Amino acid sequence: MPLWNVYHPPGAYSPEDKQAIAQALTGVYGRIMPKFYVGVVFQEIPAHSFYVGGEPAERFVRITVDHIARSFQSDERKLGFFKLINKILAPWVADRGFDWEMHVDETPFDLWTIQGHFPPKEGTEDEKRWMAENRASARTHA
Amino acid sequence: MPLWNVYHPPGAYSPEDKQAIAQALTGVYGRIMPKFYVGVVFQEIPAHSFYVGGEPAERFVRITVDHIARSFQSDERKLGFFKLINKILAPWVADRGFDWEMHVDETPFDLWTIQGHFPPKEGTEDEKRWMAENRASARTHA
Amino acid sequence: MPLWNVYHPPGAYSPEDKQAIAQALTGVYGRIMPKFYVGVVFQEIPAHSFYVGGEPAERFVRITVDHIARSFQSDERKLGFFKLINKILAPWVADRGFDWEMHVDETPFDLWTIQGHFPPKEGTEDEKRWMAENRASARTHA
């Protein structure tokens, strides 16, 4: 559900770093939804290919996220989410001297499929099965 | 209108595969809108750069789509669309043993230009001309 | 706030071109918001990786933009924006013989952070400080 796109400078992250980031994020979302919903794509942006305010941004991490499975139901949830994400990402961004920016979009739940299946609605038996099995299967409800 | 982004493993698709996928998708959308609205970008995601549920996903195809020209007007249309897309993509995803996931966002019609022209509204004479000529030209209506 | 993604053919733009494009865009947005809100990512799309209407599109520039800090408040503003952008981009697209298409999405203001800070609301003292200092700092209002 969440699809994270992480634009980063060449060589910024080792495979171990990337997996650690992905696992930390999976830890956040995986409390309330199937772990395999969490996709993280890392894309190196070469020199001379990212500009901020008209200047080359060679030490910048830019993150875009699509939230699909859930939308925030209150301002408190939004604040809590970003506070948690800031804390989780700190070792890989601020603590390494990278500037960073992120934004989240919320996209339609019913325009989303995994392995061709529409994911189950929140709180259903189907969703519990997806969480327990950590894989997609046919939905039994409409 | 639709912009398809296909993240795929290195070497997953030949140029012939990619063109065949693009043509199949153009066949779907081209029934009801100009064929040149259909854009498909293929992006190879190198090893150690895509994670699902915190684990490396080396055999995964992740598709994101922006729909601009049309929005779905009913649940039936949504179901029909995904059923058709599943069938069309099967030879390149499931049948090749790739896991896959896709989601669609709907973005504002009036924040979109081609060759600097605002595309015509659905069902207008202008749209018929764009379909017939398969190219963008100045709109004659507001 | 605006994040521009420019998909372009290999070698289409020199570093000087890219910086000039980024600066021109920063000039547009920077009149009404902090200049460092303007992010522009250039991504080369290799041959055989972009299709339009089912055909390879080797001379095509495809731009996607997320607007976060502001949303358009009238049709006049939308028209004015695209008219200005067309004029600004002409030297790098139409005048070089590239076909091109762009679309803008508007994403939620309150799901966006820079350096871990929520950007200030439009017209606040905090925003004036961000503009004057051209950098992110803690917000003093809710």
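**Description of the overall build of chain A**
- Scanning chain A from N- to C-terminus turns up three helices and seven strands.
- When its helices and strands are written in sequence order, chain A yields β-α-β-β-β-β-α-β-β-α.
- Expressed along its principal axes, the backbone C-alpha trace of chain A runs to roughly 50 × 30 × 25 Å.
- The 142 residues of chain A split such that 38% are buried.
- In chain A, the share of contacts with a sequence separation of at least 24, taken over all contacts with a separation of at least 6, comes to 68%.

**Remarks on the interface of chain B and chain A**
- Across the contact, 23 residues belong to chain B and 26 residues belong to chain A.
- Secondary structure elements with two or more residues in the side of chain B that touches chain A: β3 (50–52), β5 (60–67), α2 (75–89) and β6 (99–106) of chain B.
- If you tally residues by element for the side of chain B that touches chain A, the top one is β6 of chain B, at eight residues.
- When the residues that make up the side of chain B that touches chain A are grouped by side-chain class, the tally is 10 nonpolar, seven polar and six charged.
- Across three bridges, strand β7 (residues 112–114) of chain A lies against β6 of chain B in antiparallel orientation. Counted as the bridge partner of Thr113 of chain A is Met102 of chain B from β6 of chain B.

**With respect to unusual backbone geometry**
- Notably, His48 of chain A is not glycine yet its phi reads approximately 65°, a positive angle.
- Take His48 of chain A: it is sitting in the loop between β2 (39–44) and β3 (50–52).
- Phi at Asn134 of chain B takes a positive value of approximately 50°, unusual for a residue other than glycine.
- As for its position among the elements, Asn134 of chain B is in the segment after α3 (125–133).

**Observations regarding the sheet that holds β7 of chain A**
- Here seven strands make up an open sheet; going across it, the order is β7(A)-β6(B)-β5(B)-β1(B)-β2(B)-β3(C)-β4(C) and the pairing mixed. This sheet does not close on itself; its edge strands, each paired only once, are β7 of chain A together with β4 (55–56) of chain C.
- Relative to strand β3 (residues 50–52) of chain C, strand β2 (residues 39–44) of chain B runs antiparallel, the two being bridged by three bridges. Looking at the pairing, Gly39 of chain B lines up with Val52 of chain C of β3 of chain C.
- Across the face of the sheet, helix α1 (residues 15–29) of chain B comes into contact with β1 (3–8) and β2 of chain B together with β3 and β4 of chain C while running at roughly 150° to β2 of chain B.

**Details of the sheet that holds strand β1 (residues 3–8) of chain C**
- In space, the seven strands of this open sheet follow the order β4(A)-β3(A)-β2(C)-β1(C)-β5(C)-β6(C)-β7(B), with mixed pairing throughout. For this open sheet the edge positions go to β4 (55–56) of chain A together with β7 (112–114) of chain B, each flanked by a neighbour on one side alone.
- Along the sheet, helix α1 (residues 15–29) of chain C contacts β3 and β4 of chain A together with β1 and β2 (39–44) of chain C; its crossing angle with β2 of chain C, the most-contacted strand, is approximately 150°.

**A short note on the pairing of strand β6 (residues 99–106) of chain A**
Residue and element names in this part refer to chain A.
- The element β6 is largely enclosed, with a buried count of six among its eight residues.
- Strand direction decides the pairing type here: strand β5 (residues 60–67) and β6, joined by eight bridges, are parallel. The partner of Asp66 across the bridge, within β6, is Asp105.
- At this point the chain moves from β5, through helix α2 (residues 75–89), to the parallel β6, and the crossover so formed is right-handed.

**Quick notes on helix α1 (residues 15–29) of chain A**
- Taking 1.5 Å per residue as the helical rise, α1 of chain A with its 15 residues ought to reach 21 Å, and the 21 Å between its terminal C-alpha atoms agrees with that figure.
- Looking at α1 of chain A, one finds that the buried residues are Lys18, Ile21, Ala22, Leu25 and Thr26 of chain A. All buried residues of α1 of chain A project into a common sector of 135° when viewed along the axis, lining one side.
- On the buried face of α1 of chain A, the contacting elements are β1 (3–8) and β2 of chain A together with β3 of chain B.

**Side note on the nonpolar core**
- Counting 96 residues, the largest nonpolar core has Val40 and Val41 of chain A, Val40 and Val41 of chain B together with Val40 and Val41 of chain C as its most contacted members.
- Residues in contact with Val41 of chain A, not counting those within four places in the same chain, are Trp4, Asn5 and Val6 of chain A together with Tyr7, Ile45, Ser49 and Phe50 of chain B.

**Quick notes on the relation of the copies chain C and chain B**
- Under the fitted operation, chain C is carried onto chain B by 0.0 Å of movement along the axis and a turn of 120°, and the coordinates agree to an RMSD of 0.0 Å. Both chain copies can therefore be described as sitting about a three-fold axis.

**Examining the pairing of β1 of chain B**
All names here are of chain B.
- Most of β1 is tucked away: five of the six residues are buried.
- Relative to β5, β1 runs antiparallel, the two being bridged by five bridges. In the strand pairing of β5, Val6 is matched with Ile63.
- Across six bridges, the pairing between β1 and β2 is parallel.

**Observations regarding the interface of chain C and chain B**
- Facing 24 residues of chain C, the contacting portion of chain B comprises 26 residues.
- Those elements giving two or more residues to the side of chain C that touches chain B turn out to be β3, β5 (60–67), α2 (75–89) and β6 (99–106) of chain C.
- At eight residues, the largest contribution of residues to the side of chain C that touches chain B is made by β6 of chain C.
- Across the side of chain C that touches chain B, the residue classes break down as 11 nonpolar, seven polar and six charged.

**Notes on the environment of Lys121 of chain A**
All names here are of chain A.
- Mapped onto the secondary structure, Lys121 falls in the loop between β7 and α3 (125–133).
- When the 14 C-beta atoms within 10 Å are taken as the criterion, Lys121 is described as partly exposed.
- A C-alpha to C-alpha distance of 28 Å links Lys121 and Gln19, two positions 102 residues apart in sequence.
- Beyond its immediate chain neighbours, meaning those up to four positions away, Lys121 contacts Glu127 and His141.

**Details of the confidence of the model for chain A**
- Of the residues in chain A, 99% have a pLDDT of 70 or more, and the chain-wide mean is 96.
- For this predicted complex, the interface confidence comes out at an ipTM of 0.97, alongside a pTM of 0.97.

Rules behind the numbers
- Residues numbered from 1 in each chain as written.
- Chains lettered and ligands numbered in written order.
- Predicted model: local features only at pLDDT ≥ 70, side-chain atom pairs only at ≥ 80, totals over all residues.
- Helix = DSSP H or I, 4+ residues; strand = E, 2+ residues; numbered from the N terminus.
- Buried ≥ 20, exposed ≤ 12 C-beta atoms within 10 Å, placed from the backbone.
- Contact = placed C-beta atoms within 7 Å.
- Nonpolar A, V, L, I, M, F, W, Y, C, P; charged D, E, K, R; others polar.
- Pairing = 2+ DSSP bridges.
- Axes fitted to C-alpha atoms, helices over the stretch in contact; angles between N-to-C directions.
- Right-handed = clockwise from strand over helix to strand, strands pointing away.
- Expected span 1.5 Å × (residues − 1).
- Arc of directions from axis to C-beta.
- Core = buried A, V, L, I, M, F, W, Y, C linked by C-beta atoms within 7 Å.
- Least-squares fit on C-alpha atoms with pLDDT ≥ 70 in both.
- pLDDT = per-residue confidence, 0-100.

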